[in-house]
Amino acid sequence: MSGDGDNGGGIGGAADDESRGDALRDRASRDGESRGGGSRADEPRGDESKGGADRAPAAEAVTVTEAVTVTEAVTVTEAGTGTEAATGTAARLQKLFEGHRLTPTQRRIAHCMVRRAADAPFLSSVELAELAGVSQPSVTRFAVALGFDGYPALRRHLREVAPAEKPGDTGSYNEYQQAVQAEIDNLRHLAAALADPSPVIEAGRLFAASRPLPVLGLRAATAQAAGFTYFARKVHPDVRLLDEGGTMLADRVDAAVRAGASALLCFALPRHPREVVDALEYARTAGLTVVTVADSVFAPVAHHTDLLLPAAVGTGLAFDTACAPMLLGRVLLEAMCDALPDAQARLEEFDAKAAARGLFVE
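Residues numbered from 1 in each chain as written. Predicted model: local features only at pLDDT ≥ 70, side-chain atom pairs only at ≥ 80, totals over all residues. Heavy atoms only, no water.

**Q** Honestly, the overall build of the chain in this entry has me stumped. Any pointers?
**A** Along the chain, the regular secondary structure elements total 15 helices and seven strands. When the 362 residues of the chain are sorted by exposure, 51% land in the buried category. Taking as baseline every contact in the chain between residues at least 6 positions apart, the subset at least 24 positions apart corresponds to 75%. Of the roughly 16,300 Å² of accessible surface on the chain, 53% is carried by carbon and sulfur atoms. (Helix = DSSP H or I, 4+ residues; strand = E, 2+ residues; numbered from the N terminus. Buried < 20%, exposed > 50% of the residue type's maximum accessible area, 1.4 Å probe, protein only. Contact = heavy atoms within 4.5 Å. Areas by Shrake-Rupley, 256 points an atom, 1.4 Å probe, with all protein chains shown as cover.)

Okay, structure coming up:
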């Protein structure tokens, strides 16, 4: 069910720690998501040696605020709908994680909690470990890293700052409806994040000023990069799609820099190819300002990005769904058009030529 492994359900972790739980296991764990925290013991003693991949060298630990430019924290009206309250909870969770040095495994747990903000205060440590694809002791260490005595103390804190009630039960939805509802929630989170348009406006300015503008997207992110490039070419004089990896990728980045490029747009979605991380590192070394649309501020590309714009992916099906990243790409197109003085004229010229050629069927 997982194809070539590019886009299976799960969360983004560090490039060397991105094995994600099978989507079918994730479906099986949904029952655990809807249970209250008291259904299991919070801190069963497990062998700390289990799940060796969960332990990361201290050198890999990073401070969350050092890794990103734009966070997923948003301000919403907490007295509004259940979705608004859940978004507010996600913002408070994000704030809780800021400033702490987290290992790749701990970033996976933090990302999972942000994505499942409404359920987080009600999950036992075992349930959270299952959802994040880590060991239960890793959840305990994560809570301690945040300054709590253990996971029960962290959960008590979350319940104090979370809405009094969980969102309405969606147990009557089948798995396809649940996937759609999850994407609707992702779009609402994106809308709330765009309440501050300054990061998008800055990205549009960078794209308009870069001649040429390279757009990078490999594997699962190829469609988003190609879609942005298709429309961007109608208003921008030189947009170059970088959709193939290999040794030629660095050559194409070099060619763009020689031609005058000053910025690069990257779409980075789970699972994150190592080639993308390497390409972004190379692009910044070459002098390009990197703007990345990623599934999370905890994605491994965050370390190699100047401006990170998060848009969550849906993980309820065997393959991830990416409505929010696609829409954010269109928003960036709009911002770029606003920064290009001749964008409207170029669009009108294209429409006139398309009509003369009978390009579209009315």
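**Q** It is not clear to me how the side chain of histidine 272 should be interpreted in this structure. Could you clarify?
**A** Along the chain, histidine 272 falls in the loop between strand S5 (263-268) and helix H13 (274-285). Relative accessible area serves as the criterion here: at 2%, histidine 272 is assigned to the buried category.

**Q** Quick question: what am I supposed to make of the sheet that holds strand S4 (residues 239-242) here?
**A** One key point about sheets: their strands pair by backbone hydrogen bonds, in either a parallel or an antiparallel sense. Spatially, S4-S3-S5-S6-S7 is the arrangement adopted by the five strands of the open sheet, whose pairing is parallel. Strands with a single pairing partner mark the edges of an open sheet, and in this sheet they are S4 and strand S7 (307-310). On average, each strand axis in the sheet is tilted by 20° relative to the strand beside it, whichever way the strands run. With respect to the sheet, H13 is in contact with strand S3 (213-216), S5 and strand S6 (289-294), its orientation differing from that of S5 by roughly 165°. (Pairing = 2+ DSSP bridges. Axes fitted to C-alpha atoms, helices over the stretch in contact; angles between N-to-C directions.)

**Q** Please explain the nonpolar core as it appears in this structure.
**A** Side chains that are nonpolar tend, in soluble globular proteins, to be buried together. In terms of nonpolar packing, the biggest core is built from 51 residues, with Phe97, Met113, Phe142, Leu154, Leu216 and Leu264 touching the most fellow members. Among residues more than four places away in sequence, those in contact with phenylalanine 142 are Phe97, Leu102, Gln106, Ile109, Ala110, Met113 and Leu154. Listed in part, the 34 residues of the second largest apolar core include Ala221, Ala225, Ala263 and Ala322. (Core = buried A, V, L, I, M, F, W, Y, C linked by side-chain atoms within 4.5 Å.)

**Q** I'm lost on the environment of glutamate 202 in this one. Help?
**A** Mapped onto the secondary structure, glutamate 202 falls in helix H10 (residues 198-209). Note: C-alpha distance between glutamate 202 and alanine 335 (133 residues apart in sequence) is 8.3 Å.

**Q** Explanation requested: H13 in the structure shown.
**A** For H13, built from 12 residues, the straight-helix expectation of 16 Å at 1.5 Å per residue is met to within 8% by its first-to-last C-alpha distance of 17 Å. Burial in H13 covers these residues: Val276, Val277, Ala279, Leu280 and Ala283. When H13 is viewed along its axis, its buried side chains cluster within an angular range of 165° and face the same direction. Facing away from the buried side of H13, by more than 90 degrees, are the exposed residues Arg274 and Thr285. At its buried positions, H13 is contacted by S3, helix H12 (248-258), S5 and S6. (Expected span 1.5 Å × (residues − 1). Arc of directions from axis to C-beta.)

**Q** I keep staring at unusual backbone geometry and nothing clicks. Help me out?
**A** Glycine aside, the phi torsion of most residues is negative, and most peptide linkages are trans. For the peptide bond that leads from arginine 211 to proline 212, omega is 5°, which places it in the cis range. Of note in the backbone geometry, arginine 219 takes a positive phi value of approximately 50° without being a glycine. For arginine 219, the position within the fold is in the loop between S3 and helix H11 (222-232).

**Q** Before we go on, may I ask you to explain the packing of helix H5 (residues 104-115) against helix H7 (residues 136-145) in this structure?
**A** When two helices pack together, their arrangement is given by the angle between the helix axes and the distance between those axes. Where H5 contacts H7, the two axes come as close as 10 Å, and the packing angle between them is 85°. Looking at the two axes, H5 sits roughly perpendicular to H7. Within the contact between the two elements, H5 uses Thr105, Gln106, Ile109, Ala110 and Met113 and H7 uses Ser138, Val139, Arg141, Phe142 and Ala145. Among the residues making up the contact of H5 with H7, the classes are represented as six nonpolar, three polar and one charged. (Parallel < 35°, antiparallel > 145°, perpendicular 65-115°, else oblique. Nonpolar A, V, L, I, M, F, W, Y, C, P; charged D, E, K, R; others polar.)

**Q** Looking at this structure, how should I read the environment of alanine 182?
**A** With respect to the secondary-structure elements, alanine 182 resides in helix H9 (residues 175-193). Here alanine 182 falls in the partly exposed class, since its relative accessible area comes to 31%. A sequence separation of 139 residues divides alanine 182 from threonine 321, and the C-alpha atoms of the two residues are 9.6 Å apart.

**Q** So what exactly am I meant to see when it comes to the packing of H11 against helix H14 (residues 323-339) here?
**A** Interhelical geometry of H11 versus H14 gives an angle of 25° and a closest axis separation of 10 Å. As far as their axial angle goes, H14 and H11 are roughly parallel. Both H11 and H14 take part in a crossing whose hand is right-handed. Contact with H11, carried on its side by Gln224, Gly227, Phe228, Phe231 and Ala232, involves Pro325, Met326, Gly329, Arg330, Leu332, Leu333 and Met336 of H14 and no other residues of that element. Classifying every residue of the contact of H11 with H14 by side-chain character gives eight nonpolar, three polar and one charged. (Left-handed = near helix turned anticlockwise from the far one by under 90°.)

**Q** Help me out: how do you make sense of the confidence of the model for the chain in this one?
**A** In regions of low pLDDT, the predicted coordinates are not meant to be interpreted in detail. Taken over all residues, the pLDDT of the chain has a mean of 78, while the share at 70 or more is 73%. Every residue in residues 1-5 is under pLDDT 50, and counting partners more than four places away or in other chains gives eight contacts. Every residue in residues 7-82 scores below 50 in pLDDT, and together they form 194 contacts with partners more than four places removed in sequence or on other chains. (pLDDT = per-residue confidence, 0-100.)

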